[in-house]
Amino acid sequence: MSRYLLGVVTQCVRGGSPTQHPIFNHAIECTQALLEFYMYARYKSHDDATLSYMEDALNRFHTFKDVFLLGHAGKEEKAKANALRTELVKERKADEETNAETWMPSKKRREIKAWWNYISHKIDVSKELDADFNFPRIHLMSQWVKQSH
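So, here's what we can say about the structure. Keep in mind that what you see is a predicted model, and the values were worked out from it rather than measured.

What counts as what
Residues numbered from 1 in each chain as written. Predicted model: local features only at pLDDT ≥ 70, side-chain atom pairs only at ≥ 80, totals over all residues. Heavy atoms only, no water. Salt bridge = Lys/Arg side-chain N within 4 Å of Asp/Glu carboxyl O. Helix = DSSP H or I, 4+ residues; strand = E, 2+ residues; numbered from the N terminus. Buried < 20%, exposed > 50% of the residue type's maximum accessible area, 1.4 Å probe, protein only. Axes fitted to C-alpha atoms, helices over the stretch in contact; angles between N-to-C directions. Parallel < 35°, antiparallel > 145°, perpendicular 65-115°, else oblique. Contact = heavy atoms within 4.5 Å. Nonpolar A, V, L, I, M, F, W, Y, C, P; charged D, E, K, R; others polar. Left-handed = near helix turned anticlockwise from the far one by under 90°. Core = buried A, V, L, I, M, F, W, Y, C linked by side-chain atoms within 4.5 Å. 1 Å grid on protein atoms, 1.4 Å probe; cavity = no way out; pocket = protein on both sides within 12 Å on 5 of 7 lines; lining within 4 Å. Points joined across faces, edges and corners; volume = space filled by probe spheres on them.

**Some points on the pattern of salt bridges**
Link 1 in the chain: Going through the model one piece at a time under the given rule, you end up with 4 salt bridges.
Link 2 in the chain: Close ionic contact of Arg60 with Asp56 constitutes a salt bridge, the shortest N to O distance being 3.4 Å. Here Arg60 and its partner Asp56 are both found in helix 3 (residues 48-64), 4 residues apart, which amounts to about one turn of the helix.
Link 3 in the chain: Look at Arg60 and you get buried, because its relative accessible area is 19%.
Link 4 in the chain: If you follow the salt bridges from partner to partner, you end up with Glu29, Glu36, Asp56 and Arg60 in one network.

In structure tokens form, the structure reads like this:
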């Protein structure tokens, strides 16, 4: 399965808008680093060079792993994000009711689109700030190099 994982991730994140490309590249880099670590860990014996390569792969994994935090938001984080969404939608509706009479139809569409982009961004940031990678197995990977010396 590990032979195909990077290809699958790469195909899944193809396309998208130019603002999504850095995020997709980080997802690919993170996946690649994790697979490199895994491949080196499967070696039957290690020397200083392979341990160094493993440590480098693990450091790259930790550098880019935050790209997957949005997908790791738990129930509490999602509930908090939904409450934030409700609050922001109320603000948007109040803004629309206050200013809609002065807006031309094209400006109204732009304003509503801007609000939805803002709300979406705030929700993503909220989930990301509250999520974490509290997985014991990720910590165990960092012990591998220390124990192999």
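**What about the packing of helix 1 (residues 2-12) against helix 2 (residues 21-41)?**
Link 1 in the chain: At their nearest, the axes of helix 1 and helix 2 sit 9 Å apart, and the two run at 175° to each other. As the angle between them shows, helix 1 and helix 2 are arranged roughly antiparallel. Where helix 1 abuts helix 2, its residues Ser2, Leu5, Leu6, Val9 and Thr10 lie against Ala27, Ile28, Thr31, Gln32, Leu35, Tyr38 and Met39.
Link 2 in the chain: Residue composition of the contact of helix 1 with helix 2, grouped by class: 8 nonpolar, 4 polar and no charged.

**Details of the packing of helix 2 against helix 3**
Link 1 in the chain: As a packed pair, helix 2 and helix 3 sit with axes 8 Å apart at the nearest point and diverge in direction by 150°. Our classification of the angle between helix 2 and helix 3 gives roughly antiparallel. Between helix 2 and helix 3 lies a crossing whose hand is left-handed. Residue-level inspection shows His26, Glu29, Cys30, Ala33, Leu34, Glu36, Phe37, Tyr40 and Ala41 of helix 2 in contact with helix 3, the latter providing Tyr53, Met54, Ala57, Leu58, Arg60, Phe61 and Phe64.
Link 2 in the chain: When its residues are assigned to classes, the contact of helix 2 with helix 3 shows 12 nonpolar, 1 polar and 3 charged.

**Points about the nonpolar core**
Burial of nonpolar side chains together is a common tendency in soluble globular proteins.
Link 1 in the chain: Formed by Cys30, Ala33, Phe37, Tyr40, Ala41, Leu51, Met54, Ala57, Leu58, Phe61, Phe64 and Met141, the largest nonpolar core amounts to 12 residues.
Link 2 in the chain: Breaking this core down by element, the ones donating at least two residues are helix 2 and helix 3.
Link 3 in the chain: The dominant element in this core, judged by the number of residues it contributes, is helix 3, at 6 residues.
Link 4 in the chain: Grouped together as the second largest cluster of nonpolar side chains are 6 residues, Ala81, Val89, Trp115 and Ile119 included.

**Observations regarding the layout of surface pockets**
Link 1 in the chain: Taken as a whole, the second largest pocket encloses approximately 230 Å³ of empty space.
Link 2 in the chain: Taken together, 11 residues line the second largest pocket, and the ones lying closest to its centre are Leu34, Leu35, Phe37, Tyr38 and Met141.
Link 3 in the chain: For the lining of the second largest pocket, the elements supplying multiple residues, two or more each, are helix 1, helix 2 and helix 6 (136-148).
Link 4 in the chain: Per-element tally for the lining of the second largest pocket: the top contributor is helix 2, with 5 residues.
Link 5 in the chain: Here the lining of the second largest pocket is built from residues that sort into 10 nonpolar, 1 polar and no charged.

**Regarding the environment of Ala81**
Link 1 in the chain: Note on placement: Ala81 falls in helix 4 (residues 75-99).
Link 2 in the chain: Its relative accessible area of 0% is what places Ala81 among the buried residues.
Link 3 in the chain: Sequence separation between Ala81 and Asp124 is 43 residues, and the spatial gap between their C-alpha atoms is 8.1 Å.

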